[in-house]
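# Observations on chain architecture
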Amino acid sequence: MHPPHTRRRPRGPRRLAALLLCAAAALFPSVTPAAAAAPTPVPGELRPYDIGAVYSSGISSGGYMATQLHVAYSGTFSGSAVFASGPYDCAQNTLATALNACMNTVQDLQLAQLEQTTRNWSAQGLVDPVANLAGDPVYVFSGSGDSTVKRPVADALADYYGRFGASVQYNRSTAAGHAWISPLGPNSCTVTQSPFINNCGFDAERDLLGHLRGSVAPPASTPAGTLIRFDQNAYAPGGSAAALSLDDNGFVYVPKSCAEGAPCSLMVALHGCKQGYGYQGFGTQFVDKAYLNEYADTNDMIVLYPQAEATTTLENPNGCWNWWGYLGDSDYARHGGDQIETIMAMVRALRGGSTPPPVADRVTLPSLDAQDGYVKASADGTGAAVGTLEDTYGLALGRGTDAKVNRTLLSFDTSRIPAGKEITRAYLSVVRSSGAGDPWGSPAGNRLLADVTTGCFGGCAVEASDWSAPSTVPGGAQVAAFSSGSATSTDLSAPALAALDRSGTTQVRLRFETAPASNAYLFVNRDTPVTLTVEYR
């Protein structure tokens, strides 16, 4: 365990959504919570304090985000505490996996693969070095009455952290429902209902803080610090919190001692779905009843409460944190994820500067489903025809069982790149639906290339001639071999960046450089669209 404010390790540098969210709504009826003494929010800004150790905590979707923060930025976060959630990147950028493997247990969540993905991303610099996780304190809670995120999923979270040498304390002996556990919880222990804060007859905050910090002083009877409401837009990439499914308002609780210059720690506390400030009048119930502010006063701890919000579409109508890749953000669990980078900008502002360091402006463009498709032909390009299995399996790539070679066509509305900005980087993100064989190994060293065309190859709707139509930039990027989950392309080449149509549509053709010699293929884009992320300044 780590003592307060110190570290013992080196610090490292498309419709399926509606089914998930409607199912969740049936599990979360509304009740009126009991009143609790709480400070009144006052408007203000994030300013620097003398902050040492930083921790994350959360419930459900907030638990997933707490783990994402800890793993992606383990050089910043010293530990994490989560209620009712599962292992890092469990959803693998696929909503069906989130539903069936990371909440329910009808699908294998593939823990060994999640571990390997984390190690791969660490080696690639997409998350901080995994060596940082060794010895980190992690608190995990799962109630036996939780039918929303089932017990084996939380078991997998504890197992996941153990694989990296973290010090895990796991409470699985309580009959709790799906909730944050707090002595201030207005709900009885076993229920699952709003405000999803349950009293189970013990002080979970004492336990989790004691494990994270190494020791903890008794809580104050009533919070005496200041609860500041600040503008989250200032920290969101692109300057719009709403565009990332974040509320305009965030909160930070600052004890008097920290405000006066005492060395303090920082806890980033993340609410669950339907617990955000702006969700149907929910307000500050999570902030007030999480029982962290009381401990903050007596333990020199600032508590940051970022706020997610509901979208007006079916992407995220319950205001969950992004743990499955909604709004086309395939980087949601690693460096560059929009919500992660927003929270990190807040953390940096609190630790060392009145203005957070600049975050790269970017726009993530999902491919246009109405114009996407694939084309099949003989290896020499003869007999080309438009493929018909998109709705069933996805967009095909490689050599199918009919001996035809498949190429995928994608359209992006690149007029959404802000005018007057210099494009500095762009890349594709794809999610594999299924497949057979290894098209990258047939022949050995085969490459999956992305041809980029300003405008469209012919008409923007997919047509047979797209199989061999010339492109503006052949092979403007490539996608390395992957057998499941998601993959990100190399950065688009300079000529490919220049080929992006700033006033309309840009099409991309994914193709294997050499026709596979035998049956070897994959399908992409069945549930999650291919995205084009464009960074600019």
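Please read these numbers as outputs of a predicted model, since none were measured by experiment.

Another aspect to go through is the overall build of the protein chain. Across its full length, the protein chain holds eleven helices and 24 strands. Here the C-alpha radius of gyration of the protein chain, 24 Å, is about what a compact globule of 537 residues would show, namely 24 Å. The principal-axis extent of the C-alpha atoms belonging to the protein chain is close to 80 × 50 × 45 Å. Out of the 537 residues belonging to the protein chain, those deemed buried represent 59%. Surface exposure of the protein chain reaches about 18700 Å², of which carbon and sulfur atoms provide 51%.

Throughout the structure, instances matching the rule amount to five disulfides. Between the sulfur atoms of Cys-90 and its disulfide partner Cys-102 the distance amounts to 2.1 Å. What sets the handedness of the Cys-90 and Cys-102 disulfide is the S-S torsion sign, and at about -100° it is left-handed. Linking Cys-90 in the loop between strand E3 (77-83) and helix H3 (95-100) with Cys-102 in the loop between H3 and helix H4 (111-124), this pair joins segments that are twelve residues apart in sequence.

Pairing within the open sheet is parallel, and its three strands lie in the order E6-E8-E7. The two strands at the open ends of the sheet, each matched to only one other strand, are strand E6 (180-181) and strand E7 (187-188). Bridge analysis of E7 against strand E8 (residues 197-199) gives two bridges, and the strand direction is parallel. Across the sheet, residue Asn-187 finds its bridge partner in E8, namely Asn-198.

The subject of this paragraph is helix H5 (residues 151-163). In this model, H5 (13 residues) spans 19 Å end to end at C-alpha, consistent with the 18 Å of a helix rising 1.5 Å per residue. Looking only at H5, the buried set comprises Arg-151, Val-153, Ala-154, Ala-156, Leu-157, Ala-158, Tyr-160 and Tyr-161. Next to the buried residues of H5 lie helix H2 (61-72), E3, H4, strand E4 (137-141) and strand E5 (167-171). Positive phi shows up at Gly-165, right after H5, with a value of about 85°.

A few words on the sheet that holds strand E2 (residues 51-59). Strand pairing within a sheet occurs via backbone hydrogen bonds; the two strands may be parallel or antiparallel. On the basis of which strands lie adjacent, the open sheet formed by nine strands has the order E1-E9-E10-E12-E11-E2-E3-E4-E5 and mixed pairing. Unpaired on one side and paired on the other, strand E1 (42-43) and E5 mark the two borders of the sheet. Across four bridges, the pairing between strand E11 (residues 264-270) and strand E12 (residues 301-305) is parallel. Within the sheet, the bridge partner assigned to Leu-266 lies in E12 and is Ile-302.

Moving on, we get to the nonpolar core. The biggest cluster of nonpolar side chains holds 71 residues, and the ones touching the most others in it are Leu-69, Val-252, Leu-266, Val-268 and Leu-304. The element that contributes the greatest number of residues to this core is helix H10 (residues 338-352), accounting for eight residues. Apart from the residues within four sequence positions on either side, Leu-69 is in contact with Ser-74, Phe-77, Val-268, Leu-270, Ile-340, Ile-343 and Met-344. Leu-410, Tyr-521, Phe-523 and Val-524 belong to the second largest nonpolar core, which has 38 residues in total.

Going through the model one piece at a time under the given rule, you end up with 15 salt bridges. A salt bridge links Glu-513 to Arg-447, with the shortest nitrogen-to-oxygen separation between them at 3.0 Å. Of this pair, Glu-513 sits in the loop between strand E22 (505-512) and strand E23 (520-524) while Arg-447 sits in the loop between strand E18 (423-436) and strand E19 (448-454); the two residues are 66 residues apart in sequence, bridging distant segments of the chain. On the accessibility criterion, Glu-513 (39% relative accessible area) is partly exposed. For the salt bridge of Arg-509 with Asp-451, the shortest nitrogen-to-oxygen distance reads 3.0 Å. Of the two residues, Arg-509 is situated in strand E22 and Asp-451 in strand E19; the sequence distance between them amounts to 58 residues. On the accessibility criterion, Arg-509 (5% relative accessible area) is buried. Connected through shared salt-bridge partners, Asp-338, Arg-362, Arg-425, Asp-491 and Glu-535 make up one network.

On to unusual backbone geometry, then. The amide bond that connects Ser-194 to the next residue, Pro-195, takes the cis arrangement and shows omega of 5°. Within the secondary structure, Pro-195 sits in the loop between E7 and E8. Each neighbour pair has its own omega, and for Ser-442 with Pro-443 the value is 0°, a cis peptide bond. At Phe-196, a position not held by glycine, the phi torsion is positive, near 60°. Counting through the fold element by element, Phe-196 comes out in the loop between E7 and E8.

Of the residues in the protein chain, 92% reach a pLDDT of 70 or more, and the chain-wide mean stands at 89. Between residues 353-359, whose pLDDT stays under 50, and residues either more than four places distant or in other chains, the model counts twelve contacts.

Another point: the packing of H4 against H5. It is the contact of H4 with H5, at a shortest axis distance of 10 Å, that shows an interaxial angle of 40°. On the basis of their axis angle, the class for H4 and H5 is oblique. You can see that H4 and H5 cross each other, and the crossing is right-handed. Contact residues: H4 offers Leu-111, Ala-112, Leu-114, Glu-115, Thr-118 and Arg-119, while H5 offers Ala-156, Asp-159, Tyr-160 and Arg-163. Among the residues forming the contact of H4 with H5, the class breakdown is five nonpolar, one polar and four charged.

Quick look at the packing of H2 against H10 now. It is at 11 Å that the axes of H2 and H10 come closest, and there the two elements cross at 70°. Considering the angle they form, H2 stands roughly perpendicular to H10. Here Met-65, Gln-68, Leu-69 and Ala-72 of H2 come into contact with H10, specifically with Gln-339, Ile-340, Ile-343 and Met-344.

Definitions and limits used
- For every chain, the first residue of the written sequence is number 1, and numbering continues from 1 onward in sequence order.
- Given that this is a predicted model, residues contribute local features only at a pLDDT of at least 70 and side-chain atom pairs are listed and counted only at 80 or more, while totals for whole chains, interfaces and linings are drawn from all residues.
- Excluding hydrogens and water, the side-chain figures rest on all heavy atoms present in the structure.
- Note on conventions: DSSP H or I runs of at least 4 residues are helices, E runs of at least 2 residues are strands, and numbering of each starts at the N terminus.
- Our radius of gyration is a C-alpha quantity, and the globule rule it is checked against amounts to 2.2 Å times the number of residues to the power 0.38.
- We call a residue buried when its accessible area falls under 20% of the maximum for its residue type, exposed when it is over 50%, and partly exposed in between, using a 1.4 Å probe and counting protein chains only.
- The Shrake-Rupley method, run with a 1.4 Å probe sphere, supplies the accessible areas, and residue values consider only the shown protein chains as cover.
- The criterion for a disulfide is a pair of cysteine sulfur atoms lying within 2.5 Å.
- When DSSP locates at least two bridges between a pair of strands, those strands are taken to pair.
- Expected helix span is given by 1.5 Å per residue-to-residue step, counting one fewer step than there are residues.
- Pairs of residues are marked as contacts when any of their non-hydrogen atoms sit within 4.5 Å.
- For our purposes a nonpolar core is just a set of buried Ala, Val, Leu, Ile, Met, Phe, Trp, Tyr and Cys residues, chained together by side-chain atoms within 4.5 Å.
- The term salt bridge refers to a pairing of a side-chain nitrogen on Lys or Arg with a carboxyl oxygen on Asp or Glu at a separation within 4 Å.
- On a scale of 0 to 100, pLDDT captures the predictor's confidence in every residue.
- Throughout, an axis means a line fitted to C-alpha atoms (over the contacting stretch in the case of helices), and angles, computed between N-to-C directions, take values from 0 to 180 degrees.
- With respect to orientation, any angle under 35 degrees is reported as roughly parallel, any angle over 145 as roughly antiparallel, any angle of 65 to 115 as roughly perpendicular, and every other angle as oblique.
- Left-handed describes a crossing whose near helix is turned anticlockwise from the far helix by less than a right angle; the clockwise case is right-handed.
- When residue character is reported, Ala, Val, Leu, Ile, Met, Phe, Trp, Tyr, Cys and Pro are called nonpolar, Asp, Glu, Lys and Arg charged, and the others, Gly included, polar.

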